[in-house]
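# Overview (structure and organization)
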Amino acid sequence: MAGLATALGSGAMSNSINEIGGAKTILAIGTNTTQAHPVIALEVKKAARNGTNLIVVNPKKIDLCRHATMHIQQRPGTDVSLLMGMLRTIVDEGLADTDFIEKHCDNYDEFIASLAEFDLDSVEKITGVPKGQITKAARMYASNGPASILYCMGITQHSHGTDNVWAISNLALVTGNIGKKSTGVNPLRGQNNVQGSCDMGALPEFYTGYQKVDNPESQKKFEAAWGVNLSPKVGLTHAEIFDRIYDDKIKSLYLVGENPVLSEVDANHAIAAMEKLNFLVVQDIFLTETAEMADVVLPAATFAEKDGTFVNTERRVQRVRQAIAPAGDSKADWKIVCEIAKTMGASGFDFSDPQEIMKEIVSVTPSYGGITYERIEEVGLQWPCPDKDHPGTPTLHTERFATANGKAKLIALSFRDSAELPDEEYPLMLTTDRSLFHYHTGSMTRRVDGLDQLHSEELLKINPEDAAALGIVEDEMVQISSRRGQTTVKTKFTGICPPGLVSMTFHFAESPVNVLTNAALDPVAKIPETKVCAVRVEKIS
């Protein structure tokens, strides 16, 4: 990735959560913040009450729209056109921060040339958003700084998700809304330690701290630290792994804390792939739907049963402390991994506690160089924190970007449609979301009686106009089908979804939405397109 996306590298928030309230404008795009990130949503709603302009960009009329200055309801999958249309307005009306661009950006001329495609008549036709709204949003964002962008998987989970992020990067750069307090490009992480997992190299192209696997210097460094020979070849992404299994090129799989039977896009394909494995190991805190398929299940300790650290969405490394003893034979994940490694004859896994592991992390990860258990005993630190005298970094890119010349690259873009659009056979568009009351595949939250009472079953959110055309009544069980699979689900009539769009969560095994979703991949990030697929809804005979 290039531009600000490269500068960030990690997909981490450029700014801090407590800076949100200081923004004069917040652009929340592709994020159902009140449902998926309720604590951050409190900051956003508080800012709006205090006079901050809140622009919500979402195909659905989500709860956050109640607090919005304006709601832009674009057609799903048209974010690039919308954002580049806003940029066209900003440039044409002289609202760009030319001083910032000159000092901190590259590739401006090529970027400007690419805006020719995004005249507002064309953008309105593609997105369904009136030209006046696009102009109003562009002026509001560019003229009322500091301005902060919040986004989530409504931006990234597309076959052109990288282009979406580049377009957001362009918007922040052209207006100079990066590298300053209460500005920035701020992706909201979907789980509590996703950031920490990525920081530790749980991505196919990186070692810890986003040090490139195919960089010879990084390779030598980690070979020396670990005393082994390492491959310079970039590994496989999540989706690519299941494709390789299905093609009989991977025979064994070790899954830790993952439930692909429900969470994997085109889940029937993932299930069929796992059924072909010679050996499947699942390490988890409950016997999930995927664990039931495993040859071996390794019981893992929960967050309350182990010590260690989590890293949150604002890059803050925080202590986790054991409160209770592990249940039964369960063990902390690090202990299980170390015991397996030692049993297989590997060296370098003789850790006595998580603090020893952190010392190794610090020794090979420059951005963690100053982080110790003593320093984060009370309050966590935000990386980069290169040495023990460094206070941590609340705001990234205050002086330069993490590129060779210190500048961010503006990206020339063209609009590309989603991989699958509605047609005569599958006339509706499906998007996925989350519930405030459940988490991921529900393997934890659905075991809590109170939460299950608040949201006990999957509901197909459908506009009453679509339901009437199909002869469907509310609370009726219907069949929903795509080119990949089908399931049954109860209907819920709502104006949240515009006509032509239906929505489901992925928390319920009884109505598994991911048997429907499309595994078309973004060509750069290899993220599947879970936010757009064509479906058909029918009465059950």
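Residues numbered from 1 in each chain as written. Predicted model: local features only at pLDDT ≥ 70, side-chain atom pairs only at ≥ 80, totals over all residues. Heavy atoms only, no water.

## Regarding the nonpolar core
Within soluble globular proteins, side chains that are nonpolar generally end up buried alongside one another. Counting 49 residues, the largest nonpolar core has Ile55 and Leu171 as the members making the most contacts within it. By residue number, the principal contributor to this core is helix 10 (residues 161-174), which donates eight residues. Leaving out residues up to four positions away in the same chain, Leu171 has contacts with Leu27, Leu83, Met86, Leu87, Ile90, Tyr141 and Ile149. Core analysis: the next-biggest nonpolar cluster, separate from the first, contains 19 residues, Ala267, Ile462, Val515 and Val535 among them. (Core = buried A, V, L, I, M, F, W, Y, C linked by side-chain atoms within 4.5 Å. Buried < 20%, exposed > 50% of the residue type's maximum accessible area, 1.4 Å probe, protein only. Helix = DSSP H or I, 4+ residues; strand = E, 2+ residues; numbered from the N terminus. Contact = heavy atoms within 4.5 Å.)

## Some details on a nonpolar patch on the surface
On the surface, Tyr254, Val256, Val337, Ile340 and Met344 cluster together into a nonpolar patch covering about 450 Å² of accessible area. Residue assignment for the nonpolar patch shows that the elements contributing at least two residues are strand 7 (252-256) and helix 16 (333-343). Here Ile340 is to be found in helix 16. Given the relative accessible area of 31%, Ile340 is considered partly exposed. (Patch = residues over 30% accessible without salt bridge, like charges linked within 9 Å, V, L, I, M, F, W, Y side chains within 5 Å. Areas by Shrake-Rupley, 256 points an atom, 1.4 Å probe, with all protein chains shown as cover. Salt bridge = Lys/Arg side-chain N within 4 Å of Asp/Glu carboxyl O.)

## Some remarks on the packing of aromatic side chains
Scanning the entire structure with this criterion turns up six aromatic pairs. Measuring from ring centre to ring centre gives 6.0 Å for Tyr210 and Trp383, while their planes differ by 40°; the resulting arrangement is tilted. Remark: Trp383 occurs in the loop between strand 12 (381-382) and strand 13 (408-409) and Tyr210 occurs in the loop between helix 11 (194-199) and helix 12 (216-226); sequence separation between them is 173 residues. In this structure an aromatic cluster arises from ring pairing among Phe206, Tyr210 and Trp383. Directly above the ring of Tyr246 sits Lys276, whose terminal nitrogen or CZ lies 4.6 Å from the centroid. Here the guanidinium or amino end of Arg315 rests over the ring plane of Trp383, the centre of that ring lying 5.8 Å away. (Phe/Tyr/Trp six-rings, centres within 6.5 Å; stacked < 30°, edge-to-face > 60°. Lys NZ or Arg CZ within 6 Å of the ring centre and 35° of its normal.)

## Considering helix 12
Turning to helix 12, its buried residues are Ser218, Gln219 and Phe222. Angular distribution of buried residues about the axis of helix 12 spans 100°; they occupy a single face of the element. Seen from the buried face of helix 12, the exposed residues on the opposite side, beyond 90 degrees, are Pro216, Glu217, Lys220 and Ala224. Tucked inside the fold, the buried residues of helix 12 contact helix 17 (354-364). Sitting at the head of helix 12, Asn215 places a side-chain oxygen 2.8 Å from the backbone nitrogen of Glu217. Just past helix 12, the residue Gly227 takes up positive phi, approximately 65°. (Arc of directions from axis to C-beta. Polar contact = N/O pair within 3.5 Å; in protein donor to acceptor, adjacent residues only side chain to side chain.)

## Digging into the confidence of the model for the protein
Averaged over all residues, the pLDDT of the protein equals 94, while 98% of them reach at least 70. In the predicted structure, residues 1-9 sits below a pLDDT of 50 and forms 33 contacts with residues beyond four places in sequence or in another chain. (pLDDT = per-residue confidence, 0-100.)

## Things to note about the environment of Val194
Residue position: Val194 is located in helix 11. Considering only alpha carbons, one finds Val194 and Asn312, 118 residues apart in sequence, at a separation of 7.6 Å.

## Looking at the packing of helix 4 (residues 79-92) against helix 8 (residues 131-143)
Between helix 4 and helix 8, whose axes approach to 9 Å, the crossing angle comes to 65°. The angle between helix 4 and helix 8 falls in the class roughly perpendicular. Classified by chirality, the crossing of helix 8 by helix 4 is right-handed. Judged by residue contacts, Leu82, Gly85, Met86, Thr89 and Ile90 of helix 4 engage Ile134, Thr135, Ala137, Ala138 and Ala142 from helix 8. (Axes fitted to C-alpha atoms, helices over the stretch in contact; angles between N-to-C directions. Parallel < 35°, antiparallel > 145°, perpendicular 65-115°, else oblique. Left-handed = near helix turned anticlockwise from the far one by under 90°.)

## Some details on the environment of Gly184
Tracing the chain through its elements places Gly184 in the loop between helix 10 and strand 6 (185-187). The class for Gly184 is buried, based on a relative accessible area of 0%. For the pair Gly184 and Lys407, spaced 223 residues apart in sequence, the C-alpha separation works out to 15 Å. The contact partners of Gly184, leaving out residues within four places of it in the chain, are Ser14, Asn15, Ala147, Ser148, Ile149, Asn177 and Ile178.

## A short note on the domain arrangement of the protein
We note that the domain assignment places domain 1 (2-188), domain 2 (194-382) and domain 3 (428-539) within the protein. The C-alpha-based centres of domain 1 and domain 2 are spaced at 33 Å. On the domain 2 side, the residues contacting the 13 residues of domain 1 number seven residues. Contact between domain 1 and domain 2 buries roughly 690 Å² in total, counting both sides, with carbon and sulfur atoms accounting for 50%. Inspection of the region where domain 1 meets domain 2 yields zero salt bridges. Applying the counting rule to domain 1 against domain 2 returns five residue pairs in polar contact (both at pLDDT 80 or more). Of the residues belonging to the side of domain 1 that touches domain 2, the class tally is six nonpolar, seven polar and no charged. (Domains from an automatic or database assignment. Buried area = accessible area lost by both parts, 1.4 Å probe. Nonpolar A, V, L, I, M, F, W, Y, C, P; charged D, E, K, R; others polar.)

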